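# Examining the three-dimensional arrangement
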Amino acid sequence: MSLLSDLLNLNLSDTTEKIIAEYIWIGGSGMDLRSKARTLNGPVTDPAKLPKWNFDGSSTGQAPGEDSEVIIYPQAIFKDPFRRGNNILVMCDAYTPAGEPIPTNKRFDAAKIFSQPDVVAEEPWYGIEQEYTLLQKNVRWPLGWPVGGYPGPQGPYYCGVGADKALGRDIVNSHYKACLYAGINISGINGEVMPGQWEFQVGPAVGISAGDELWVSRYILERITELADVVLSFDPKPIQGDWNGAGAHTNYSTKSMRNEGGYEVIKAAIEKLGLKHKEHIAAYGEGNERRLTGRHETADINTFLWGVANRGASIRVGRDTEREGKGYFEDRRPASNMDPYVVTSMIADTTILWKP
């Protein structure tokens, strides 16, 4: 008699050319991920060759019950680390039956910005540092913390080693390998300052692919925590008090910034970002005011400042960039629950297209 695990690990290619495609989209909250699977007749590597599909938008907060059909368009394909073989994960965005992007489809406007000739010419690179917190399922309290109590103060946990410091490492390493298998350009992981909090980095990725890769890496992490019976939180300040919040620091450069003389281009871009500080803060994630307090490696939410190697600034420039006169900068303002389509395209729009 087969075990459930045996059936889950069946290799479909032994008996059929058919594959399973898991279609993924962003739900009505703008942060919840949804997915469902369909059978295809054979392997597919080009999203344009995948069929569109639909879902009941009234059950995801994305359409009224009397007109509930929402259409999802395949946009990017990744290998499926759960089913493996030729099976795939498909990142989609959502439209009305008439072909209009629905309000929660932030990818559509981002793709328009990234297709502008001036933006294409600058080849914007992004590296996103996604922080998150692992929670015990039944009590919604950080993994490894005593229920209703607290661990020792921050200090030993950042990049820490040991059963009392690195809480949830198996989940983190499983996610790391699964993202590499899927074809996501995940570039690293580390334990964060608050125990039970971790970070992974996606990038460098160019243009719209940064958003696609971060969303699918979040999906993979949600699936892994589901298997581990642990809750994943992207709350920017999951625990009040003297504990670090969770952000999604966004590293950014253009071709002009990476070339000789790029430091002057960087400073001009930072000046533009300062002029639009309020607009960016409004789009950088919900609840960010609980995190951007001027403490715990943040700048106050109402203050824009930049500095070299300053983790208490809105924008941080690295020592290497200052010394070499070219490179990249880090926007430290985005919250962990930000939409990468919004943040990446907004940075490009402000720094490349906007002419104040």
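Everything in this summary refers to the structure shown in the same document. All values derive from a computational prediction rather than experimental measurement. Each chain carries its own residue numbering, running from 1 in the written order of its sequence. Thresholds applied to this predicted model are a pLDDT of at least 70 for local features of residues and 80 or more for the giving and counting of side-chain atom pairs; totals over whole chains, interfaces and linings are not thresholded and use all residues. Each side-chain value is worked out from all heavy atoms of the structure, with water and hydrogens disregarded.

## Thoughts on the sheet that holds strand β4 (residues 69-79)
Two strands are counted as paired when DSSP detects at least two bridges linking them. Starting at the N terminus, helices and strands are each numbered in turn, a helix being any DSSP run of H or I of at least four residues and a strand any DSSP run of E of at least two. The five strands are arranged β2-β1-β5-β4-β3 in an open sheet whose pairing can be described as mixed. Pairing within the sheet leaves two strands with one partner each, and these edge strands are β2 (33-40) and β3 (53-56). If you compare each strand with its neighbour and ignore which way they point, the axes differ by 40° on average. As paired strands, β3 and β4 are joined by four bridges and run antiparallel to one another. Comment: axis = line fitted to C-alpha atoms, over the contacting stretch for helices; angle = value between 0 and 180 degrees taken between N-to-C directions.

## Here we look at the nonpolar core
Joining through side-chain atoms within 4.5 Å is the link that ties buried Ala, Val, Leu, Ile, Met, Phe, Trp, Tyr and Cys residues into a set, and such a set is a nonpolar core. Relative accessible area decides the class of each residue, using a 1.4 Å probe on protein chains only: under 20% of the type maximum gives buried, over 50% gives exposed, and in between gives partly exposed. The biggest cluster of nonpolar side chains holds 59 residues, and the ones touching the most others in it are Tyr132, Ile184, Ile220 and Phe329. With eight residues, the single largest contributor to this core is helix α5 (residues 209-228). Tyr23, Leu50, Ile72 and Ile88 belong to the second largest nonpolar core, which has 17 residues in total.

## Things to note about the packing of aromatic side chains
Aromatic contacts are taken between Phe, Tyr and Trp rings whose centres are within 6.5 Å, Trp giving its six-membered ring; a plane angle under 30 degrees counts as stacked, one over 60 as edge-to-face, and the others as tilted. Counted according to the given criterion, the structure contains 13 aromatic pairs. Ring centres of Tyr73 and Tyr95 lie 3.9 Å apart, and the angle between their planes is 25°; on these two criteria the pair is classed as stacked. Here Tyr73 is found in strand β4, whereas its partner Tyr95 is found in strand β5 (residues 88-95), with 22 residues between them in sequence. What makes Tyr73 buried here is its relative accessible area of 18%. For Tyr95, a relative accessible area of 6% translates into the label buried. Considering the side-chain rings of Tyr95 and Phe108, the 6.1 Å spacing of their centres and the 85° angle between planes classify their relative orientation as edge-to-face. Here Tyr95, found in strand β5, pairs with Phe108, found in helix α2 (residues 107-114); they are 13 residues apart in sequence, far enough to count as distant. Linked through ring pairs, Phe114, Tyr126, Tyr252 and Phe329 together constitute an aromatic cluster. One Lys or Arg, Lys36, reaches over the ring of Trp53 and ends 4.2 Å from the middle of that ring. Our definition puts a charge over a ring when NZ of Lys or CZ of Arg is within 6 Å of the ring centre and also within 35 degrees of the ring normal.

## Observations concerning the state of the cysteines
Pairs of cysteine sulfur atoms within 2.5 Å are identified as disulfides in what follows. Counted by the stated rule, this structure contains zero disulfides. Cys92 takes part in no disulfide bond, and the closest cysteine sulfur, belonging to Cys179, lies 18 Å away.

## Concerning the side chain of Arg332
Here Arg332 shows up in the loop between β14 (329-331) and α10 (340-353). Classification of Arg332 as buried rests on a relative accessible area of 5%. Of the polar contacts made by the side chain of Arg332, one reaches the backbone oxygen of Arg311; its length is 3.2 Å. Note on definitions: a residue-residue contact is assigned when non-hydrogen atoms from the two residues lie within 4.5 Å. Residues contacting Arg332, with those up to four places away along its chain left out, are His249, Arg291, Leu292, Glu297, Asn310, Arg311, Ala313, Ser314 and Arg316. Think of a polar contact as two N or O atoms within 3.5 Å of one another; within protein, one of them needs to be a possible hydrogen donor and the other a possible acceptor, and neighboring residues in sequence only count if both atoms come from side chains.

## Quick notes on α2
Here α2 has its buried residues at Arg107, Ala110, Ile113 and Phe114. Relative to the axis of α2, the buried residues are bounded by an arc of 120° and lie together on one face. Those residues of α2 that are buried lie in contact with β4, β5, α3 (117-122), β6 (125-136), α5 and α10. Think of it as the arc spanned by the lines of direction from the helix axis to the C-beta atoms.

## Details of the environment of Met346
Note on placement: Met346 falls in helix α10. According to the relative accessible area criterion, Met346 is buried, its value standing at 18%. The spacing of Met346 and Ala94 is 252 residues in sequence and 20 Å in space, taken between C-alpha atoms.

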